[in-house]
Amino acid sequence: MSDLKTNLKTVWYGNTKGNGRIQVNDLETNIAIPESLGGSGEGAEPKGLLVSSAIACYTMTLVAMLEARKLPVAEFVMDSEASNSKEERFKITHYPHIILSADATEDQIQAANRAIVAADKGCAVGNMLKKADVQIEIKGKVSI
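All values reported here derive from a predicted model rather than from experimental measurement.

Enquirer: How would you sum up helix 1 (residues 46-68)? Please name residues and give values.
Expert: For helix 1, with 23 residues, the first-to-last C-alpha span of 33 Å sits near the 33 Å given by 1.5 Å per residue. Looking at the buried residues of helix 1, the elements they touch are strand 4 (73-83), strand 5 (91-100), helix 2 (106-122), helix 3 (124-131) and strand 6 (135-138). With a side-chain oxygen positioned 2.9 Å from the backbone nitrogen of Lys 47, the residue opening helix 1 is Glu 45. Just past helix 1, the residue Lys 70 takes up positive phi, approximately 55°.

Structure follows, in structure tokens:
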């Protein structure tokens, strides 16, 4: 693994009711303290950014695996949800849906299903979160 160095710039305007801006590479986003915690709520909050990172990592890992397997992907969509309750620890569930072309073989369908599982194991951000006791669940499906 190569060394990683990323430069980020953060600017904050005002007090807890204010908001800020984070810039990194091609990403620029507003951040704010959630209203429920006394902030303005006019921007992304930390848990949302964390879950977004997990979603991006899983998605990019899966897309790379599908391409490496030369699968005839017609479309890929994914919903995800995050929950945090006293009964359960922090949990992220991904619902990837891979739609293969009409002429896909049974072997290709099975390869896509295996990629759904393998991408979870190959996602660096997801693996870091799991070490921090975040539960990540994958409920994927493949269709034609």
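Enquirer: With reference to specific residues and values, describe the pattern of salt bridges.
Expert: This model, assessed by the stated rule, comprises five salt bridges. The partner of Arg 21 in a salt bridge is Glu 28, and the shortest N-O contact between them spans 2.7 Å. Using a relative accessible area of 26% as the deciding quantity, one classes Arg 21 as partly exposed. Put simply, Asp 120 and Lys 130 hold a salt bridge, and the shortest N to O gap is 3.0 Å. Within this pair, whereas Asp 120 is found in helix 2, its partner Lys 130 is found in helix 3, the two being separated by 10 residues in sequence. Judged by relative accessible area, which is 15%, Asp 120 ranks as buried. The exposure class assigned to Lys 130 is partly exposed, which follows from its relative accessible area of 30%. Where salt bridges share partners, they join Lys 91, Glu 137 and Lys 139 into one cluster.

Enquirer: Describe the nonpolar core, and please don't skip the residues or the numbers.
Expert: Ranked by internal contacts, the top residues of the largest apolar core, which has 16 residues, are Leu 62, Leu 66, Ile 98, Leu 100, Ala 112 and Val 142. Secondary structure elements with two or more residues in this core: helix 1, strand 5 and helix 2. For this core, the leading source of residues is helix 2, giving six residues. Each residue touching Ile 98, except ones within four places of it in the same chain, is listed here: Leu 62, Leu 66, Val 73, Glu 75, Phe 76, Ala 112, Ile 116, Lys 141, Val 142 and Ser 143. Membership of the second largest hydrophobic core comes to seven residues, among which are Ala 54, Phe 90, Val 134 and Ile 136.

Enquirer: Go over the state of the cysteines, please, and point to the residues and values.
Expert: One way to say it: the disulfide is the covalent bond shared by the sulfur atoms of two cysteines. The final tally for this structure, using the stated rule, is one disulfide. Paired by a disulfide, Cys 57 and Cys 123 hold their sulfur atoms 2.4 Å apart. In this pair, Cys 57 sits in helix 1 while Cys 123 sits in the loop between helix 2 and helix 3, placing the two residues 66 residues apart along the sequence. Among the residues examined, Cys 57 registers a relative accessible area of 13% and is labelled buried. According to the relative accessible area criterion, Cys 123 is buried, its value standing at 2%.

Enquirer: Describe the environment of Ile 109, listing the residues and the values that go with them.
Expert: Structurally, Ile 109 can be placed in helix 2. Ile 109 sits in the buried class, given a relative accessible area of 16%. In sequence terms Ile 109 and Ser 143 are 34 residues apart; their C-alpha atoms lie 7.7 Å from each other.

Enquirer: Outline the sheet that holds strand 1 (residues 8-13), supporting the account with residue identities and numerical values.
Expert: The strand order 1-2-3 describes an open sheet built from three strands, whose pairing is antiparallel. Edge positions in the open sheet fall to strand 1 and strand 3 (27-31), since each of these has one partner strand only. On average, adjacent strands in this sheet sit at an angle of 15° to one another, irrespective of strand direction. Taken together, the six bridges between strand 1 and strand 2 (residues 19-24) define a ladder with antiparallel strand orientation. Note that in strand 2 the partner of Thr 10 across the bridge is Ile 22.

Criteria and thresholds
- Once a new chain begins, its residue numbering starts again from 1 and follows that chain's sequence as written.
- Given that the model is predicted, a residue must reach a pLDDT of at least 70 before its local features are reported, and side-chain atom pairs must reach 80 or more before they are shown or counted; all residues, however, enter totals for whole chains, interfaces and linings.
- Side-chain numbers here rest on the full set of heavy atoms in the structure, without hydrogens or water.
- A helix here means a DSSP run of H or I that spans at least four residues, while a strand means a run of E at least two residues long, and both kinds are numbered starting from the N terminus.
- For a helix, the expected span equals 1.5 Å multiplied by the residue count minus one.
- The contact definition used throughout considers only heavy atoms, calling two residues in contact when any of these lie within 4.5 Å.
- The definition of a polar contact used here is a pair of N or O atoms within 3.5 Å, where within protein one atom must be able to donate a hydrogen and the other to accept one, and adjacent residues in sequence count solely through side-chain atom pairs.
- The salt bridge criterion pairs a side-chain nitrogen of Lys or Arg with a carboxyl oxygen of Asp or Glu, the two atoms within 4 Å.
- Only protein chains enter the accessibility calculation, which uses a 1.4 Å probe. A residue is then buried if its area is under 20% of the maximum for its type, exposed if over 50%, and partly exposed in between.
- The set of buried Ala, Val, Leu, Ile, Met, Phe, Trp, Tyr and Cys residues whose side-chain atoms join them within 4.5 Å is what this entry labels a nonpolar core.
- Count a disulfide wherever a pair of cysteine sulfur atoms falls within 2.5 Å.
- We call two strands paired when DSSP finds no fewer than two bridges between them.
- Orientation is described by lines fitted to C-alpha atoms, with helices fitted over the stretch in contact, and by angles between N-to-C directions that extend from 0 to 180 degrees.

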